[in-house]
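What follows is each chain in one-letter form.
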Amino acid sequence: AGPSWTLAAGQCAAPLATLLVASALRKTWRRSGRGARLRVRAEASGAAGVTYGSAVDAGDATMGLYPDMSIPGESSSSMSSSKADLDSVDDDDEEKYDEPATVIGIRGDIAIVRAGINLATIAKGGRICLFEKSRTTGVLLSWKEGICLIHFSGEVEMGESVSGNTGVSLMTECGPGLLGRIVDPRGKPIDGLPPSEVEPKLRLAFADFKGMKERTNQYRSLFTGVTSVDFSVPVGRGQTMLFQGSDKEKDKEYLWADLMCCQAGPGAKSGPVVNICVCPTPAYAMRLRDELRQRGCFEDRCTLVVAESETSGAQVVAMNGALAMAEEINDLDGEAMVLMDLEPMHKLFSVLADAAGQERIDRGIVQQIEASEWTDFDGTLLRESIAERRKIWFNLVSRATNSIVGGSVSLLGWLWEQDGGWQHRAQKSYLAKIEAVKKTPRIDEKILERMVDKLKEQAAAEGVPLTETFGEPAIEVPGVPNWEIEELKSITDGHILLQPPSNPDAWSWYLEPYKSLPRLGTDALHPALLSVEAHKLRLKMLQGRDRQKMLHLSLGEGGLMDDPRKLEMKFVELLIEQPAGQPLDVVGQCARLLIVSDSNVDPLKAEGMCTSETLSFLAAQLIQSEAGARLRQDIVEKNEVSQDTIDACDTEVRSWNSA
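The rules behind each value
- Residues numbered from 1 in each chain as written.
- Predicted model: local features only at pLDDT ≥ 70, side-chain atom pairs only at ≥ 80, totals over all residues.
- Heavy atoms only, no water.
- Buried < 20%, exposed > 50% of the residue type's maximum accessible area, 1.4 Å probe, protein only.
- Helix = DSSP H or I, 4+ residues; strand = E, 2+ residues; numbered from the N terminus.
- Pairing = 2+ DSSP bridges.
- Patch = residues over 30% accessible without salt bridge, like charges linked within 9 Å, V, L, I, M, F, W, Y side chains within 5 Å.
- Areas by Shrake-Rupley, 256 points an atom, 1.4 Å probe, with all protein chains shown as cover.
- Salt bridge = Lys/Arg side-chain N within 4 Å of Asp/Glu carboxyl O.
- Axes fitted to C-alpha atoms, helices over the stretch in contact; angles between N-to-C directions.
- Contact = heavy atoms within 4.5 Å.
- Polar contact = N/O pair within 3.5 Å; in protein donor to acceptor, adjacent residues only side chain to side chain.
- Core = buried A, V, L, I, M, F, W, Y, C linked by side-chain atoms within 4.5 Å.
- Expected span 1.5 Å × (residues − 1).
- Arc of directions from axis to C-beta.
- Lys, Arg positive; Asp, Glu negative; His and termini not counted.
- Charge placed at Lys NZ, Arg CZ, Asp CG, Glu CD.
- pLDDT = per-residue confidence, 0-100.

### As for the pairing of strand 12 (residues 240-245)
Item 1. Of all six residues that make up strand 12, six are buried, and the element is covered over most of its length.
Item 2. Side-chain alternation along strand 12 places Thr240, Leu242 and Gln244 on one buried face and Met241, Phe243 and Gly245 on a second face that is also buried.
Item 3. In this structure, strand 12 lies alongside strand 19 (residues 408-416), joined through six bridges in parallel fashion. Note on strand 19: the bridge partner recorded for Thr240 is Leu411.
Item 4. Here strand 12 runs beside strand 20 (residues 494-497); their pairing, made up of three bridges, is parallel. Looking across to strand 20, one finds that Gln244 is bridged to Leu497.

Structure below.
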């Protein structure tokens, strides 16, 4: 059971709509036989619905209905996808089934259902399904090999038949009226405030992603205010960026608020700017709302979506509802960002894969794939079932879009790795490489021995012990397996790896820049950062890291990218950690980049003074100078910094050495 929602006045469904739904469903429950169909349409314009958890008198029983079983009207364009989905299920498709769709397992609020009469595999995610004995309704989440998962609220029994022929798909209320509100996955406010005066629009919660012909590669910067991210792993509007955090609870508590403060940025479309967060609990949503209000950015650009419960099924429904809200902003030529925890998707697929595998065994079709089987995928060791998972993940992450007609939907998805997962996969990878070397034909044994020793040295240098066996973390261990994160890196638009803060008592953004993966590069950089050559600084930083590892020198060589200046690694690495709750504007970031680009800054070279605090002090000093005033003026007026201003800032920085 979910939390007790506090609904604003006037949000209850119309009694007439309730009767229409109940009457239509009663007729369906009394019908029997293969290929039975229900065509429910509301003659009135708009959509009817019932309140979540309401009881409807349907003659011989009382039913709890899934939230907003919205009925498509004949003239409602917003519902046409739902109607088309229903009409695509014809009698021919169901001829291959001899039995009704049946519940074969229950995992909490997830029903595992085998496809059959009245619920074929072409039914799409978001379809409202009816459990015909218990008369509970739920929403279809995903399919795999004739097995689907349905999230329900109420009571469901093993073995009961299920119908997907309700003619209803889960709909979400969307639009600018949700700004500054806490809502449920249907877009219904649950914050106790009066309903918005802006009329919402209904959209399918589980919608298809846009095709390539509807997207453009002309990206705009999604400026986060986190210097290490914005200059070394920049995020572009319309991207799906994968964040790998270090501590789930603390990251959500201290870091997510910074991302929810994102503003429109240069080149933004003319429509509304909305940041949407999928919150795990109502309590977290209220804390986040209070924090964002203190920063002055909640009412004008934030929406918080709270799932019915903390279970994976309820969370996935909320994730899709949030994306539907973002897609409406995209269609209004606006810029939308969705922030969410992706772990529920991992849990959902684990349940689905186990159920489908057991079904294969029960039917004698094929043996279950052993859990220990791995495959080498372009040099990376991954699970055998990569294609199946990738398809399900792809349907979600591809809803991020940079549209040709419209604005953008950006998805910032977070994952946290299971403890011990990386060691397990890395160890298996090295052991597999060693075995492959040993099997190399026609090579002298001494050469083979040296090759094996070389691999062992590499493993030791990376902290991968080969003598102690690391078992794979159990599915119950919190987090996501390392190998699944590796797979997700291949279908997202970048990977941001965060380390535990240097001071665990003061949470911070602490980027691992050498293992993080940007894909857009300069296309995603803020124009001002591009003008102060942030991209060149990153390349010199990577080169300096290699020089540091190989030659044990902290001073990077000059000459890269036609820049004669050398790079002091101790200076530039001050950028990779930033206190939580202190996002920087682009002026502050540019000032810091200009300072660390110079390897001869005496205040940073002084004993014990190469610290983030010193850099912050120097950045403030630069901004307050005449050169800093020019820096700010350039960015405000042109969103970039002129070469004359850069030279003036360099002169100001060098003046500190003679002071």
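### A closer look at a nonpolar patch on the surface
Item 1. A cluster of nonpolar side chains, namely Ile443, Ile447 and Met451, defines an oily patch on the protein surface of about 210 Å² accessible area.
Item 2. Mapped onto the fold, Ile443 is located in the loop between helix 12 (421-438) and helix 13 (445-461).
Item 3. The exposure class assigned to Ile443 is partly exposed, which follows from its relative accessible area of 32%.

### With respect to the sheet that holds strand 8 (residues 161-163)
Item 1. Strand order in the closed barrel formed by six strands is 3-4-7-6-5-8, with antiparallel pairing between adjacent strands. Taking each pair of neighbouring strands and ignoring which way they run, the sheet shows an average axis angle of 45 degrees.
Item 2. Where strand 4 (residues 110-114) lies against strand 7 (residues 147-152), five bridges are found, and the strand directions are antiparallel. Following the sheet pairing, Arg114 is matched in strand 7 by Ile147.
Item 3. Here helix 9 (residues 312-331) sits on the sheet and contacts strand 4, strand 6 (136-144) and strand 7; the angle it forms with strand 6, its principal contact strand, is near 80 degrees.

### Re unusual backbone geometry
Item 1. In this model, Asn118 sits at a positive phi of 80 degrees, which is unusual for a non-glycine residue.
Item 2. Here Asn118 lies in the loop between strand 4 and strand 5 (128-131).
Item 3. If you check the backbone angles, Arg135 has positive phi at about 60 degrees while not being a glycine.
Item 4. Here Arg135 lies in the loop between strand 5 and strand 6.
Item 5. Assessed through its relative accessible area of 17%, Arg135 is described here as buried.

### A word on the environment of Met212
Item 1. Mapping Met212 onto the fold places it in the loop between strand 11 (201-204) and helix 4 (227-232).
Item 2. Residue Met212 is classed as exposed on the basis of its relative accessible area of 69%.
Item 3. Separated by 191 residues in the primary sequence, Met212 and Ser403 place their C-alpha atoms 9.4 Å from one another.

### A look at the side chain of Ser597
Item 1. As for its position among the elements, Ser597 is in the loop between helix 18 (586-596) and helix 19 (602-605).
Item 2. In this structure the side chain of Ser597 is engaged in a polar contact, spanning 2.6 Å, whose partner is the backbone oxygen of Leu593.

### Concerning the nonpolar core
Item 1. Within the largest apolar cluster, 53 residues are counted, with the highest numbers of intra-cluster contacts made by Leu141, Ile276, Met319, Val338, Met340 and Leu342.
Item 2. Of all the elements, helix 9 adds the most residues to this core, at 11 residues.
Item 3. Excluding residues within four positions of it along the chain, Val338 makes contact with Ile276, Val278, Ala322, Leu323, Ala326, Ser410, Leu411 and Leu412.
Item 4. Counting residues in each nonpolar core, the second largest holds 39 residues, with Phe231, Leu529, Leu567 and Val601 among its members.

### Some thoughts on the pattern of salt bridges
Item 1. A complete count under the given rule lists 26 salt bridges for this structure.
Item 2. Of the charged contacts, one joins Glu359 and Arg114 as a salt bridge, the two residues approaching to 2.6 Å between their closest N and O atoms. Placement of Glu359 in helix 10 (residues 343-363) and of Arg114 in strand 4 is noted, with a sequence separation of 245 residues between them.
Item 3. Judged by relative accessible area, Glu359 falls into the buried class, the value being 8%.
Item 4. Between Arg360 and Glu145 there is a salt bridge, with the nearest N and O atoms lying 2.5 Å from each other. Remark: Glu145 occurs in the loop between strand 6 and strand 7 and Arg360 occurs in helix 10; sequence separation between them is 215 residues.
Item 5. Here the salt bridges do not stand alone but share partners, grouping Lys248, Lys252, Asp341, Glu343 and Lys347 into one network.

### Looking at the side chain of Thr492
Item 1. Here Thr492 shows up in the loop between helix 14 (482-491) and strand 20.
Item 2. Here Thr492 falls in the buried class, since its relative accessible area comes to 4%.
Item 3. From its side chain, Thr492 meets the backbone oxygen of Gly494 in a polar contact 3.5 Å long.
Item 4. In this structure, Thr492 is in contact with Thr240, Leu242, Val397 and Arg519, ignoring residues within four places of it in sequence.

### Digging into helix 21 (residues 626-638)
Item 1. Along its 13 residues, helix 21 runs 18 Å from first to last C-alpha, staying within 8% of the 18 Å computed at 1.5 Å per residue.
Item 2. For helix 21, the full list of buried residues reads Ala627, Gly628, Leu631, Asp634 and Ile635. Down the axis of helix 21, the smallest arc covering the buried residues is 120 degrees, so these residues share one side. Residues Glu626, Val636 and Glu637 are exposed on helix 21 and point more than 90 degrees away from its buried face.
Item 3. Those residues of helix 21 hidden inside the fold are in contact with helix 15 (527-531), helix 18, helix 20 (612-624) and helix 22 (643-655).

### Side note on a negative patch on the surface
Item 1. On the surface, Asp444, Glu445, Glu449, Asp453 and Glu457 cluster together into a negatively charged patch.
Item 2. Relative to the helices and strands, Glu449 is located in helix 13.

### Considering the pairing of strand 6
Item 1. Here strand 6 lies mainly inside the structure; nine of its nine residues are buried.
Item 2. Strand direction decides the pairing type here: strand 5 and strand 6, joined by four bridges, are antiparallel. In the sheet register, Leu130 faces strand 6, and the bridge partner there is Thr137.
Item 3. Connecting the antiparallel pair strand 5 and strand 6 is a turn made up of four residues, with Arg135 showing a positive phi of about 60 degrees.
Item 4. Both strand 6 and strand 7 contribute to a ladder of six bridges, which runs antiparallel. Along strand 7, the bridge assignment pairs Lys144 with Ile147.
Item 5. Here strand 6 folds back onto strand 7, and the loop between the two strands holds two residues, one of which, Glu145, carries a positive phi near 55 degrees.

### Thoughts on the confidence of the model for the chain
When pLDDT is low, close inspection of the predicted coordinates is not appropriate.
Item 1. For the chain, the average pLDDT comes to 81, and 78% of its residues sit at 70 or higher.
Item 2. Below pLDDT 50 for its whole length, residues 1-92 participates in 183 contacts with residues either more than four positions away or in separate chains.
Item 3. Under a pLDDT of 50 for its full length, residues 374-384 has, in the predicted model, 36 contacts with residues more than four places off or in other chains.

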